[in-house]
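Residues per chain, in single letters:
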Amino acid sequence: MDGAVEAVETTGWFLALALTHAPMMVFTLYASLTIVERALGSKRGKVKEKPPAREAPPYVCVQLPMYNEPACAKRAIDAACLLHWPQDLIEIQVLDDSSDGTEDVVDDACAEWRERGVVCNALRASAVLRGKSRQTKAAALEYGRARTSADLIVVLDADAVVEEDYLAKIVPYFYDERGERRSEVAVVQPDVTFKNSSQNFLTMHQAFKMEADAIVGNRAYIRAFGCALRPGSGAIWSAAALRAVGGWDVNMLALEGTDMSMRTRMAGYSGKAAANVIIETELPSTLSAYKSQQLRWMWAWAYLAKRHLASVLFNSFNGVTSDIGIGVLNGNVARLWFALTIVRPAQWLLLAVWLLLLPELIFDGMWLGNAQHVIHGAVWLYFLPLLLILKADTFAMSDVEGKVRSPPKSTGEAMSTMRTTLRKLSWIGPHACVSLGMIAVYCTGYVRGIFGSTYPSFDAPVSQLRTPKLGNGDVELSEADRGADETSCSKSEIWQIVFEMAFVVATIRASIELMKCCLLYTSPSPTRQEAISYAVFCLKKK
(Lines give C-alpha, C1' and ligand atoms only; values in the text may rest on other atoms or scores of the structure.)
Protein backbone atom coordinates (compact mmCIF):
# COMPACT_ATOMS: atom_id res chain seq x y z
CA MET A 1 0.00 0.00 0.00
CA ASP A 2 2.84 2.37 0.89
CA GLY A 3 4.49 1.56 -2.44
CA ALA A 4 1.32 2.46 -4.35
CA VAL A 5 0.97 5.75 -2.48
CA GLU A 6 4.62 6.55 -3.13
CA ALA A 7 4.17 5.75 -6.83
CA VAL A 8 1.17 8.07 -7.05
CA GLU A 9 3.08 10.84 -5.27
CA THR A 10 6.07 10.35 -7.58
CA THR A 11 3.85 10.45 -10.66
CA GLY A 12 2.15 13.59 -9.40
CA TRP A 13 5.51 15.21 -8.73
CA PHE A 14 6.76 14.52 -12.25
CA LEU A 15 3.47 15.80 -13.72
CA ALA A 16 3.81 19.00 -11.72
CA LEU A 17 7.45 19.23 -12.79
CA ALA A 18 6.43 18.95 -16.46
CA LEU A 19 3.74 21.61 -16.10
CA THR A 20 5.97 24.08 -14.26
CA HIS A 21 8.83 23.43 -16.72
CA ALA A 22 6.69 23.89 -19.85
CA PRO A 23 8.35 27.25 -20.71
CA MET A 24 11.76 25.60 -20.53
CA MET A 25 10.63 22.75 -22.80
CA VAL A 26 9.25 25.16 -25.39
CA PHE A 27 12.44 27.22 -25.26
CA THR A 28 14.49 24.02 -25.69
CA LEU A 29 12.33 23.07 -28.70
CA TYR A 30 13.08 26.39 -30.37
CA ALA A 31 16.76 26.04 -29.50
CA SER A 32 16.84 22.64 -31.20
CA LEU A 33 14.99 24.07 -34.21
CA THR A 34 17.59 26.83 -34.36
CA ILE A 35 20.33 24.19 -34.69
CA VAL A 36 18.50 22.65 -37.67
CA GLU A 37 17.90 26.03 -39.30
CA ARG A 38 21.51 27.14 -38.97
CA ALA A 39 22.74 23.88 -40.49
CA LEU A 40 20.21 24.16 -43.33
CA GLY A 41 20.91 27.82 -44.04
CA SER A 42 24.71 27.65 -43.98
CA LYS A 43 24.80 25.99 -47.39
CA ARG A 44 25.55 28.53 -50.11
CA GLY A 45 22.89 28.75 -52.77
CA LYS A 46 23.45 28.53 -56.50
CA VAL A 47 24.84 31.71 -58.00
CA LYS A 48 22.69 33.01 -60.83
CA GLU A 49 24.54 34.29 -63.84
CA LYS A 50 23.13 36.61 -66.47
CA PRO A 51 20.36 34.71 -68.32
CA PRO A 52 20.30 34.37 -72.11
CA ALA A 53 18.77 37.40 -73.81
CA ARG A 54 15.42 35.87 -74.79
CA GLU A 55 13.52 39.04 -73.95
CA ALA A 56 14.18 42.69 -73.20
CA PRO A 57 15.48 43.55 -69.71
CA PRO A 58 12.70 44.37 -67.24
CA TYR A 59 11.72 47.90 -66.34
CA VAL A 60 13.03 48.58 -62.81
CA CYS A 61 11.90 51.12 -60.22
CA VAL A 62 14.26 51.89 -57.33
CA GLN A 63 12.42 53.23 -54.29
CA LEU A 64 14.31 55.20 -51.63
CA PRO A 65 12.04 55.70 -48.59
CA MET A 66 13.35 58.53 -46.41
CA TYR A 67 12.28 60.35 -43.29
CA ASN A 68 14.61 63.00 -41.89
CA GLU A 69 17.80 61.42 -43.28
CA PRO A 70 20.21 64.37 -43.70
CA ALA A 71 23.30 62.19 -43.24
CA CYS A 72 22.40 59.70 -45.96
CA ALA A 73 20.00 61.33 -48.42
CA LYS A 74 22.39 62.54 -51.13
CA ARG A 75 24.63 59.47 -50.92
CA ALA A 76 21.62 57.16 -51.30
CA ILE A 77 20.29 59.07 -54.32
CA ASP A 78 23.71 59.15 -55.99
CA ALA A 79 24.20 55.39 -55.47
CA ALA A 80 20.77 54.59 -56.93
CA CYS A 81 21.31 56.79 -59.97
CA LEU A 82 24.71 55.21 -60.66
CA LEU A 83 23.32 51.67 -60.95
CA HIS A 84 24.22 50.00 -64.23
CA TRP A 85 20.97 49.49 -66.15
CA PRO A 86 19.57 50.76 -69.46
CA GLN A 87 18.65 54.38 -68.81
CA ASP A 88 15.24 54.05 -70.47
CA LEU A 89 14.39 51.04 -68.27
CA ILE A 90 15.00 52.46 -64.80
CA GLU A 91 13.43 55.15 -62.64
CA ILE A 92 14.33 56.40 -59.17
CA GLN A 93 11.57 57.26 -56.70
CA VAL A 94 12.74 59.20 -53.65
CA LEU A 95 9.89 58.73 -51.19
CA ASP A 96 10.76 61.63 -48.93
CA ASP A 97 8.43 62.75 -46.14
CA SER A 98 11.05 64.70 -44.18
CA SER A 99 10.33 67.69 -42.02
CA ASP A 100 13.84 68.74 -40.97
CA GLY A 101 15.25 70.27 -44.14
CA THR A 102 16.25 66.99 -45.80
CA GLU A 103 13.67 67.72 -48.48
CA ASP A 104 15.89 70.52 -49.83
CA VAL A 105 18.82 68.11 -50.12
CA VAL A 106 16.57 65.61 -51.89
CA ASP A 107 15.16 68.17 -54.35
CA ASP A 108 18.64 69.43 -55.28
CA ALA A 109 20.04 65.91 -55.79
CA CYS A 110 17.05 64.82 -57.90
CA ALA A 111 17.30 67.94 -60.06
CA GLU A 112 21.01 67.34 -60.59
CA TRP A 113 20.44 63.77 -61.82
CA ARG A 114 17.50 64.76 -64.02
CA GLU A 115 19.84 67.15 -65.81
CA ARG A 116 22.01 64.10 -66.58
CA GLY A 117 19.06 62.28 -68.14
CA VAL A 118 18.13 60.00 -65.22
CA VAL A 119 14.46 59.65 -64.28
CA CYS A 120 14.74 60.66 -60.61
CA ASN A 121 11.75 62.20 -58.85
CA ALA A 122 10.85 63.01 -55.26
CA LEU A 123 7.39 61.81 -54.20
CA ARG A 124 5.87 63.01 -50.95
CA ALA A 125 3.04 60.80 -49.78
CA SER A 126 2.46 62.74 -46.55
CA ALA A 127 1.11 65.76 -48.41
CA VAL A 128 -1.50 63.59 -50.14
CA LEU A 129 -2.31 61.12 -47.38
CA ARG A 130 -2.41 63.55 -44.47
CA GLY A 131 -5.61 62.86 -42.53
CA LYS A 132 -6.34 59.66 -44.50
CA SER A 133 -3.58 57.31 -43.38
CA ARG A 134 -0.81 57.25 -40.83
CA GLN A 135 2.57 58.34 -42.12
CA THR A 136 4.50 55.05 -42.34
CA LYS A 137 7.20 53.61 -44.54
CA ALA A 138 4.64 51.17 -45.94
CA ALA A 139 2.33 54.06 -46.86
CA ALA A 140 5.17 55.73 -48.76
CA LEU A 141 6.07 52.48 -50.55
CA GLU A 142 2.45 51.92 -51.57
CA TYR A 143 2.13 55.51 -52.75
CA GLY A 144 5.14 55.02 -55.00
CA ARG A 145 4.11 51.53 -56.16
CA ALA A 146 0.78 52.83 -57.42
CA ARG A 147 2.62 55.41 -59.54
CA THR A 148 5.04 53.22 -61.47
CA SER A 149 4.63 50.74 -64.30
CA ALA A 150 7.87 48.92 -63.48
CA ASP A 151 8.16 45.12 -63.64
CA LEU A 152 10.52 44.95 -60.65
CA ILE A 153 10.67 47.25 -57.63
CA VAL A 154 13.79 47.65 -55.49
CA VAL A 155 13.47 49.01 -51.94
CA LEU A 156 16.70 50.61 -50.69
CA ASP A 157 16.82 52.22 -47.26
CA ALA A 158 18.69 55.49 -46.98
CA ASP A 159 21.66 53.86 -45.24
CA ALA A 160 22.10 51.10 -47.86
CA VAL A 161 25.28 51.11 -49.92
CA VAL A 162 25.11 49.08 -53.15
CA GLU A 163 27.62 48.36 -55.89
CA GLU A 164 26.97 49.67 -59.37
CA ASP A 165 26.40 46.13 -60.72
CA TYR A 166 23.77 45.37 -58.06
CA LEU A 167 20.88 45.12 -60.57
CA ALA A 168 22.93 43.13 -63.06
CA LYS A 169 23.62 40.53 -60.35
CA ILE A 170 20.22 40.30 -58.65
CA VAL A 171 17.74 40.53 -61.55
CA PRO A 172 18.81 37.12 -63.01
CA TYR A 173 17.25 35.40 -59.96
CA PHE A 174 13.85 36.18 -61.52
CA TYR A 175 14.76 34.10 -64.59
CA ASP A 176 15.44 30.43 -65.26
CA GLU A 177 18.41 28.94 -67.13
CA ARG A 178 16.67 29.48 -70.46
CA GLY A 179 16.21 33.19 -69.80
CA GLU A 180 12.46 32.98 -69.25
CA ARG A 181 10.80 34.93 -66.44
CA ARG A 182 9.89 32.92 -63.33
CA SER A 183 6.50 34.34 -62.48
CA GLU A 184 6.32 32.51 -59.13
CA VAL A 185 9.23 34.48 -57.59
CA ALA A 186 7.95 37.40 -55.50
CA VAL A 187 11.12 38.67 -53.83
CA VAL A 188 14.88 38.19 -53.92
CA GLN A 189 16.87 39.18 -50.84
CA PRO A 190 20.60 39.96 -51.10
CA ASP A 191 23.26 39.32 -48.48
CA VAL A 192 23.87 42.08 -45.94
CA THR A 193 26.97 43.43 -44.25
CA PHE A 194 27.19 46.17 -41.63
CA LYS A 195 29.56 49.13 -41.87
CA ASN A 196 29.65 49.76 -38.10
CA SER A 197 29.51 46.17 -36.82
CA SER A 198 32.56 46.54 -34.56
CA GLN A 199 31.80 50.06 -33.30
CA ASN A 200 30.74 49.00 -29.78
CA PHE A 201 29.30 46.07 -27.81
CA LEU A 202 25.79 46.91 -28.99
CA THR A 203 26.65 46.79 -32.69
CA MET A 204 28.71 43.61 -32.15
CA HIS A 205 25.63 41.95 -30.66
CA GLN A 206 23.43 43.11 -33.53
CA ALA A 207 25.90 41.98 -36.19
CA PHE A 208 26.26 38.56 -34.57
CA LYS A 209 22.49 38.20 -34.29
CA MET A 210 21.68 39.51 -37.77
CA GLU A 211 24.28 37.42 -39.59
CA ALA A 212 23.07 34.28 -37.84
CA ASP A 213 19.36 35.03 -38.20
CA ALA A 214 18.78 37.41 -41.10
CA ILE A 215 21.33 35.75 -43.40
CA VAL A 216 21.69 32.08 -42.46
CA GLY A 217 18.23 31.82 -40.86
CA ASN A 218 16.53 33.49 -43.80
CA ARG A 219 18.12 31.02 -46.21
CA ALA A 220 16.79 28.19 -44.06
CA TYR A 221 13.26 29.61 -44.16
CA ILE A 222 13.42 29.90 -47.94
CA ARG A 223 14.58 26.30 -48.30
CA ALA A 224 12.12 24.97 -45.72
CA PHE A 225 8.89 26.70 -46.76
CA GLY A 226 9.79 29.12 -49.53
CA CYS A 227 9.26 32.35 -47.59
CA ALA A 228 11.92 35.03 -47.16
CA LEU A 229 10.89 36.15 -43.69
CA ARG A 230 13.66 38.74 -43.40
CA PRO A 231 13.42 40.81 -46.59
CA GLY A 232 15.25 43.92 -45.53
CA SER A 233 16.92 46.75 -47.36
CA GLY A 234 17.96 45.85 -50.89
CA ALA A 235 15.14 43.39 -51.49
CA ILE A 236 13.78 43.42 -55.04
CA TRP A 237 10.09 42.66 -55.54
CA SER A 238 7.96 41.48 -58.42
CA ALA A 239 5.44 44.23 -59.15
CA ALA A 240 2.93 41.59 -60.29
CA ALA A 241 3.19 39.80 -56.93
CA LEU A 242 2.65 43.07 -55.04
CA ARG A 243 -0.45 43.82 -57.13
CA ALA A 244 -1.78 40.30 -56.61
CA VAL A 245 -1.99 40.76 -52.82
CA GLY A 246 -3.30 44.32 -52.92
CA GLY A 247 -0.07 46.20 -52.34
CA TRP A 248 1.61 47.26 -49.11
CA ASP A 249 -0.36 47.40 -45.86
CA VAL A 250 -0.13 51.09 -44.99
CA ASN A 251 -0.94 50.39 -41.34
CA MET A 252 2.26 48.40 -40.71
CA LEU A 253 4.50 50.39 -38.38
CA ALA A 254 7.48 48.06 -38.93
CA LEU A 255 8.44 44.80 -40.69
CA GLU A 256 6.32 45.72 -43.70
CA GLY A 257 8.62 43.54 -45.82
CA THR A 258 8.02 40.50 -43.61
CA ASP A 259 4.27 41.05 -43.83
CA MET A 260 4.44 41.33 -47.62
CA SER A 261 6.62 38.22 -47.87
CA MET A 262 4.09 36.19 -45.86
CA ARG A 263 1.16 37.46 -47.89
CA THR A 264 2.81 36.73 -51.23
CA ARG A 265 3.86 33.27 -50.00
CA MET A 266 0.28 32.42 -49.10
CA ALA A 267 -0.77 33.66 -52.53
CA GLY A 268 1.46 31.03 -54.15
CA TYR A 269 4.63 33.05 -54.70
CA SER A 270 8.04 32.27 -53.23
CA GLY A 271 11.19 34.05 -52.10
CA LYS A 272 14.81 33.63 -53.08
CA ALA A 273 18.20 34.53 -51.61
CA ALA A 274 20.91 35.99 -53.83
CA ALA A 275 24.18 34.23 -53.08
CA ASN A 276 26.47 36.70 -54.85
CA VAL A 277 24.85 40.08 -54.09
CA ILE A 278 25.97 42.07 -51.04
CA ILE A 279 24.75 45.41 -49.74
CA GLU A 280 26.08 47.36 -46.78
CA THR A 281 23.79 48.89 -44.16
CA GLU A 282 24.09 50.59 -40.80
CA LEU A 283 23.19 49.30 -37.32
CA PRO A 284 21.75 51.44 -34.49
CA SER A 285 24.76 52.45 -32.40
CA THR A 286 23.01 53.83 -29.31
CA LEU A 287 20.94 51.96 -26.74
CA SER A 288 17.94 54.29 -27.07
CA ALA A 289 17.81 53.85 -30.87
CA TYR A 290 18.19 50.07 -30.60
CA LYS A 291 15.52 49.76 -27.90
CA SER A 292 13.09 51.83 -29.93
CA GLN A 293 13.75 49.71 -33.02
CA GLN A 294 13.27 46.43 -31.14
CA LEU A 295 10.05 47.66 -29.52
CA ARG A 296 8.67 48.41 -33.00
CA TRP A 297 9.84 45.09 -34.40
CA MET A 298 8.48 42.99 -31.53
CA TRP A 299 5.15 44.83 -31.73
CA ALA A 300 5.07 44.00 -35.43
CA TRP A 301 5.90 40.29 -34.85
CA ALA A 302 2.98 39.97 -32.43
CA TYR A 303 0.71 41.73 -34.91
CA LEU A 304 1.86 39.41 -37.71
CA ALA A 305 1.28 36.33 -35.55
CA LYS A 306 -2.30 37.40 -34.87
CA ARG A 307 -2.82 38.19 -38.53
CA HIS A 308 -1.27 35.19 -40.28
CA LEU A 309 -0.93 32.25 -37.86
CA ALA A 310 -4.41 30.80 -38.42
CA SER A 311 -4.06 31.13 -42.19
CA VAL A 312 -0.73 29.33 -42.18
CA LEU A 313 -2.01 26.48 -40.02
CA PHE A 314 -5.51 25.88 -41.33
CA ASN A 315 -6.30 27.71 -44.56
CA SER A 316 -5.58 26.21 -47.94
CA PHE A 317 -3.09 28.11 -50.03
CA ASN A 318 -0.75 27.22 -52.84
CA GLY A 319 2.76 25.91 -52.78
CA VAL A 320 3.68 25.52 -49.11
CA THR A 321 6.21 22.78 -49.65
CA SER A 322 9.72 22.17 -48.46
CA ASP A 323 12.95 21.65 -50.34
CA ILE A 324 13.86 19.05 -47.72
CA GLY A 325 13.06 15.46 -48.62
CA ILE A 326 10.65 14.38 -45.88
CA GLY A 327 8.43 12.26 -48.08
CA VAL A 328 4.64 12.56 -47.90
CA LEU A 329 4.82 14.87 -44.87
CA ASN A 330 6.56 17.60 -46.88
CA GLY A 331 3.65 20.04 -46.98
CA ASN A 332 2.50 19.50 -43.38
CA VAL A 333 6.00 19.72 -41.94
CA ALA A 334 6.71 22.90 -43.90
CA ARG A 335 3.40 24.41 -42.78
CA LEU A 336 4.14 23.62 -39.12
CA TRP A 337 7.67 24.99 -39.45
CA PHE A 338 6.24 28.17 -41.00
CA ALA A 339 3.82 28.58 -38.09
CA LEU A 340 6.49 27.97 -35.43
CA THR A 341 8.71 30.58 -37.05
CA ILE A 342 5.96 33.20 -37.03
CA VAL A 343 5.47 32.86 -33.25
CA ARG A 344 9.18 32.38 -32.49
CA PRO A 345 9.57 35.84 -30.84
CA ALA A 346 7.13 34.69 -28.15
CA GLN A 347 9.92 32.48 -26.80
CA TRP A 348 11.39 35.54 -25.10
CA LEU A 349 8.15 35.98 -23.19
CA LEU A 350 8.34 32.35 -22.07
CA LEU A 351 11.97 32.77 -21.06
CA ALA A 352 11.09 35.83 -18.97
CA VAL A 353 8.33 33.92 -17.18
CA TRP A 354 10.71 31.04 -16.64
CA LEU A 355 13.43 33.22 -15.12
CA LEU A 356 10.91 34.79 -12.75
CA LEU A 357 9.49 31.42 -11.64
CA LEU A 358 12.73 29.47 -11.27
CA PRO A 359 13.80 30.73 -7.80
CA GLU A 360 10.39 29.86 -6.34
CA LEU A 361 10.51 26.40 -7.93
CA ILE A 362 13.95 25.81 -6.41
CA PHE A 363 12.72 26.83 -2.95
CA ASP A 364 9.72 24.50 -3.30
CA GLY A 365 11.87 21.57 -4.46
CA MET A 366 10.11 21.47 -7.83
CA TRP A 367 13.24 21.45 -9.96
CA LEU A 368 15.76 19.13 -11.59
CA GLY A 369 18.07 19.37 -8.61
CA ASN A 370 15.66 17.44 -6.35
CA ALA A 371 17.82 14.43 -5.37
CA GLN A 372 14.79 12.37 -4.31
CA HIS A 373 13.35 12.15 -7.82
CA VAL A 374 15.97 13.20 -10.39
CA ILE A 375 19.31 11.65 -11.32
CA HIS A 376 22.50 13.40 -10.29
CA GLY A 377 23.66 16.08 -12.76
CA ALA A 378 20.26 16.72 -14.36
CA VAL A 379 20.34 20.26 -12.97
CA TRP A 380 22.72 21.30 -15.74
CA LEU A 381 19.90 20.77 -18.25
CA TYR A 382 18.73 24.25 -17.30
CA PHE A 383 21.61 25.67 -19.30
CA LEU A 384 20.95 23.48 -22.35
CA PRO A 385 18.64 25.84 -24.35
CA LEU A 386 20.97 28.84 -24.08
CA LEU A 387 24.00 26.70 -24.94
CA LEU A 388 22.20 25.27 -27.98
CA ILE A 389 21.28 28.73 -29.27
CA LEU A 390 24.80 30.10 -28.74
CA LYS A 391 26.28 27.02 -30.41
CA ALA A 392 23.89 27.34 -33.37
CA ASP A 393 24.62 31.04 -33.83
CA THR A 394 28.36 30.44 -33.50
CA PHE A 395 28.16 27.69 -36.10
CA ALA A 396 26.22 29.96 -38.44
CA MET A 397 28.57 32.90 -37.91
CA SER A 398 31.62 30.77 -38.68
CA ASP A 399 30.02 29.63 -41.94
CA VAL A 400 28.85 33.04 -43.18
CA GLU A 401 32.28 34.10 -44.45
CA GLY A 402 33.60 30.71 -45.53
CA LYS A 403 30.53 29.17 -47.17
CA VAL A 404 27.75 31.70 -47.67
CA ARG A 405 29.37 35.03 -48.48
CA SER A 406 32.71 34.47 -50.23
CA PRO A 407 34.13 30.92 -50.31
CA PRO A 408 37.95 31.25 -50.41
CA LYS A 409 39.67 30.31 -53.66
CA SER A 410 43.27 30.45 -52.46
CA THR A 411 45.35 29.99 -49.32
CA GLY A 412 45.59 33.76 -48.83
CA GLU A 413 41.82 34.18 -49.07
CA ALA A 414 41.33 31.25 -46.68
CA MET A 415 43.62 32.89 -44.09
CA SER A 416 41.79 36.22 -44.47
CA THR A 417 38.44 34.48 -44.08
CA MET A 418 39.68 32.67 -40.96
CA ARG A 419 40.86 35.94 -39.37
CA THR A 420 37.53 37.59 -40.10
CA THR A 421 35.66 34.63 -38.65
CA LEU A 422 37.75 34.57 -35.46
CA ARG A 423 37.21 38.30 -35.00
CA LYS A 424 33.46 37.88 -35.32
CA LEU A 425 33.39 34.90 -32.97
CA SER A 426 34.85 37.18 -30.30
CA TRP A 427 31.50 39.00 -30.38
CA ILE A 428 29.73 36.05 -28.74
CA GLY A 429 30.21 37.62 -25.28
CA PRO A 430 28.52 40.94 -26.13
CA HIS A 431 25.86 39.01 -28.05
CA ALA A 432 24.93 36.86 -25.04
CA CYS A 433 24.99 39.74 -22.56
CA VAL A 434 22.95 42.17 -24.66
CA SER A 435 20.45 39.44 -25.63
CA LEU A 436 19.68 38.67 -21.99
CA GLY A 437 19.58 42.36 -21.14
CA MET A 438 17.08 43.05 -23.92
CA ILE A 439 14.57 40.36 -22.86
CA ALA A 440 12.49 42.93 -20.98
CA VAL A 441 12.32 45.11 -24.10
CA TYR A 442 11.36 42.14 -26.29
CA CYS A 443 8.61 41.15 -23.87
CA THR A 444 7.19 44.66 -23.60
CA GLY A 445 6.99 45.11 -27.36
CA TYR A 446 5.44 41.68 -27.90
CA VAL A 447 2.82 42.14 -25.17
CA ARG A 448 1.86 45.50 -26.63
CA GLY A 449 1.37 43.83 -30.00
CA ILE A 450 -0.68 40.99 -28.55
CA PHE A 451 -3.09 43.31 -26.76
CA GLY A 452 -3.28 45.80 -29.61
CA SER A 453 -1.44 48.67 -27.93
CA THR A 454 0.11 50.63 -30.79
CA TYR A 455 3.83 51.37 -30.66
CA PRO A 456 4.87 54.02 -31.39
CA SER A 457 1.81 56.05 -30.47
CA PHE A 458 0.41 58.57 -32.93
CA ASP A 459 1.97 61.47 -31.03
CA ALA A 460 5.34 59.78 -30.47
CA PRO A 461 8.55 61.79 -30.97
CA VAL A 462 10.47 61.41 -34.21
CA SER A 463 13.18 59.34 -32.48
CA GLN A 464 10.63 56.54 -31.92
CA LEU A 465 9.29 56.55 -35.48
CA ARG A 466 12.54 55.62 -37.17
CA THR A 467 16.12 54.53 -36.50
CA PRO A 468 18.57 57.44 -36.86
CA LYS A 469 21.26 56.94 -39.54
CA LEU A 470 24.72 58.44 -39.10
CA GLY A 471 25.87 57.94 -42.68
CA ASN A 472 29.48 59.01 -43.07
CA GLY A 473 29.31 60.93 -39.80
CA ASP A 474 29.87 64.27 -41.51
CA VAL A 475 26.35 65.57 -40.85
CA GLU A 476 25.25 66.56 -37.35
CA LEU A 477 22.20 64.69 -36.06
CA SER A 478 19.03 66.64 -35.54
CA GLU A 479 17.69 67.37 -32.07
CA ALA A 480 14.96 64.76 -32.63
CA ASP A 481 17.54 62.06 -33.38
CA ARG A 482 19.57 63.04 -30.32
CA GLY A 483 16.40 62.76 -28.24
CA ALA A 484 16.32 66.46 -27.41
CA ASP A 485 12.59 66.60 -28.09
CA GLU A 486 11.91 64.06 -25.35
CA THR A 487 11.63 66.40 -22.39
CA SER A 488 9.43 64.06 -20.39
CA CYS A 489 8.48 60.40 -20.13
CA SER A 490 5.04 59.14 -21.01
CA LYS A 491 3.17 56.86 -18.64
CA SER A 492 3.94 53.79 -20.78
CA GLU A 493 7.65 54.69 -20.84
CA ILE A 494 7.73 54.96 -17.05
CA TRP A 495 6.15 51.51 -16.74
CA GLN A 496 8.69 50.24 -19.30
CA ILE A 497 11.57 51.46 -17.11
CA VAL A 498 10.01 49.98 -13.95
CA PHE A 499 9.49 46.63 -15.67
CA GLU A 500 13.05 46.55 -17.01
CA MET A 501 14.51 47.28 -13.58
CA ALA A 502 12.32 44.66 -11.90
CA PHE A 503 13.22 42.11 -14.54
CA VAL A 504 16.95 42.75 -14.15
CA VAL A 505 16.69 42.27 -10.38
CA ALA A 506 14.66 39.06 -10.85
CA THR A 507 17.13 37.72 -13.41
CA ILE A 508 20.10 38.37 -11.14
CA ARG A 509 18.28 36.68 -8.26
CA ALA A 510 17.38 33.64 -10.38
CA SER A 511 20.93 33.34 -11.72
CA ILE A 512 22.49 33.54 -8.25
CA GLU A 513 20.09 30.96 -6.77
CA LEU A 514 20.57 28.57 -9.68
CA MET A 515 24.36 28.81 -9.63
CA LYS A 516 24.46 28.37 -5.83
CA CYS A 517 22.27 25.30 -6.03
CA CYS A 518 24.24 23.86 -8.95
CA LEU A 519 27.57 24.31 -7.18
CA LEU A 520 26.28 22.90 -3.91
CA TYR A 521 24.54 20.04 -5.68
CA THR A 522 27.67 18.98 -7.55
CA SER A 523 30.04 19.40 -4.61
CA PRO A 524 31.53 16.41 -2.66
CA SER A 525 29.02 14.30 -0.78
CA PRO A 526 29.50 15.58 2.82
CA THR A 527 29.28 19.18 1.71
CA ARG A 528 26.25 18.35 -0.41
CA GLN A 529 24.51 16.75 2.54
CA GLU A 530 25.19 19.87 4.60
CA ALA A 531 23.83 21.98 1.76
CA ILE A 532 20.67 19.88 1.50
CA SER A 533 20.17 20.14 5.27
CA TYR A 534 20.63 23.88 5.09
CA ALA A 535 18.15 24.09 2.18
CA VAL A 536 15.58 22.12 4.18
CA PHE A 537 16.11 24.48 7.11
CA CYS A 538 15.55 27.49 4.82
CA LEU A 539 12.36 25.96 3.43
CA LYS A 540 10.99 25.32 6.91
CA LYS A 541 11.88 28.86 7.91
CA LYS A 542 10.13 30.15 4.79
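Note: the structure precedes this text.
Residues numbered from 1 in each chain as written. Predicted model: local features only at pLDDT ≥ 70, side-chain atom pairs only at ≥ 80, totals over all residues. Heavy atoms only, no water.

## Quick notes on the overall build of the protein
Helix and strand counts for the protein come out as 20 helices and seven strands. At a minimum sequence separation of 6, the contacts of the protein that also span at least 24 residues come to 82%. Carbon and sulfur atoms form 61% of the exposed surface of the protein, whose accessible area is close to 24700 Å². (Helix = DSSP H or I, 4+ residues; strand = E, 2+ residues; numbered from the N terminus. Contact = heavy atoms within 4.5 Å. Areas by Shrake-Rupley, 256 points an atom, 1.4 Å probe, with all protein chains shown as cover.)

## Overview of the pattern of salt bridges
Counted under the stated rule, the structure contains 13 salt bridges. The closest approach of N and O atoms between D107 and R124, which form a salt bridge, is 3.1 Å. A residue pair is termed long-range when its members are at least 10 positions apart, and D107 in helix α4 (residues 102-115) and R124 in the loop between β3 (120-123) and α5 (125-129) qualify at 17 residues. Its relative accessible area of 27% is what places R124 among the partly exposed residues. For E112, the salt bridge identified is with R116, shortest N-O distance 3.0 Å. Three or more residues are tied together by salt bridges with common partners; here these are D249, D259, R263 and R307. (Salt bridge = Lys/Arg side-chain N within 4 Å of Asp/Glu carboxyl O. Buried < 20%, exposed > 50% of the residue type's maximum accessible area, 1.4 Å probe, protein only.)

## Re the sheet that holds strand β5 (residues 185-194)
Taken in spatial order, the seven strands line up as β3-β2-β1-β4-β6-β5-β7 in an open sheet, and their pairing is mixed. Looking at strand neighbours, the two that pair on one side only are β3 and β7 (270-281), the edges of this open sheet. Geometrically, the sheet is characterised by an average inter-axis angle of 20° between neighbouring strands, direction not taken into account. Note: strand β2 (residues 90-96) against β3, four bridges, orientation parallel. Across the sheet, the residue bridging to V94 is A122, located in β3. (Pairing = 2+ DSSP bridges. Axes fitted to C-alpha atoms, helices over the stretch in contact; angles between N-to-C directions.)

## Quick word on the nonpolar core
In globular proteins that are soluble, nonpolar side chains generally tend to be buried together. In terms of nonpolar packing, the biggest core is built from 75 residues, with F225, W237, W248, M262 and F338 touching the most fellow members. Considering each element in turn, this core owes the most residues, 10 residues, to helix α11 (residues 287-314). In this structure, W85, V94, V106 and I236 belong to the second largest nonpolar core, which totals 47 residues. (Core = buried A, V, L, I, M, F, W, Y, C linked by side-chain atoms within 4.5 Å.)

## Quick look at empty space enclosed by the protein
This model, assessed by the stated rule, comprises two cavities of 30 Å³ or more. Space inside the largest cavity adds up to approximately 60 Å³. Surrounding the largest cavity, Q189, P190, D191, V192, A214, I215, N218, R219, A273 and A274 form its lining. Sorting the residues of the lining of the largest cavity by element identifies β5, α8 (201-225) and β7 as the ones contributing at least two each. Here the lining of the largest cavity is composed, by residue class, of six nonpolar, two polar and two charged. Forming the walls of the second largest cavity are Y221, L229, R230, W301, T341, R344 and P345. For the lining of the second largest cavity, a count of residues per class yields four nonpolar, one polar and two charged. (1 Å grid on protein atoms, 1.4 Å probe; cavity = no way out; pocket = protein on both sides within 12 Å on 5 of 7 lines; lining within 4 Å. Points joined across faces, edges and corners; volume = space filled by probe spheres on them. Nonpolar A, V, L, I, M, F, W, Y, C, P; charged D, E, K, R; others polar.)

## Structural notes on the packing of aromatic side chains
Applying the stated criterion across every chain, the model contains six aromatic pairs. Centroid distance W299 to Y303: 5.4 Å. Interplanar angle 10°. Geometry classified as stacked. Of this pair, W299 and Y303 both sit in helix α11, separated by four residues, roughly a single helical turn. You can call W299 buried: its relative accessible area is 6%. An aromatic cluster is built from F27, W348 and Y442, whose rings are joined through pairwise contacts. (Phe/Tyr/Trp six-rings, centres within 6.5 Å; stacked < 30°, edge-to-face > 60°.)

## Concerning the pairing of strand β1 (residues 60-66)
Counting buried positions over the seven residues of β1 gives seven, a clear majority of the element. Burial along β1 is two-sided: the face carrying V60, V62, L64 and M66 and the face carrying C61, Q63 and P65 are both buried. Inspection of the sheet shows β1 paired to β2 by seven bridges, in the parallel sense. Within β2, the position partnered with M66 by the bridge is D96. Each parallel crossover has a hand, and for β1 linked through helix α3 (residues 73-81) to β2 it is right-handed. Bridging between β1 and strand β4 (residues 152-155) involves four bridges; their strand directions are parallel. If you follow V60 over to β4, its bridge partner there is L152. (Right-handed = clockwise from strand over helix to strand, strands pointing away.)

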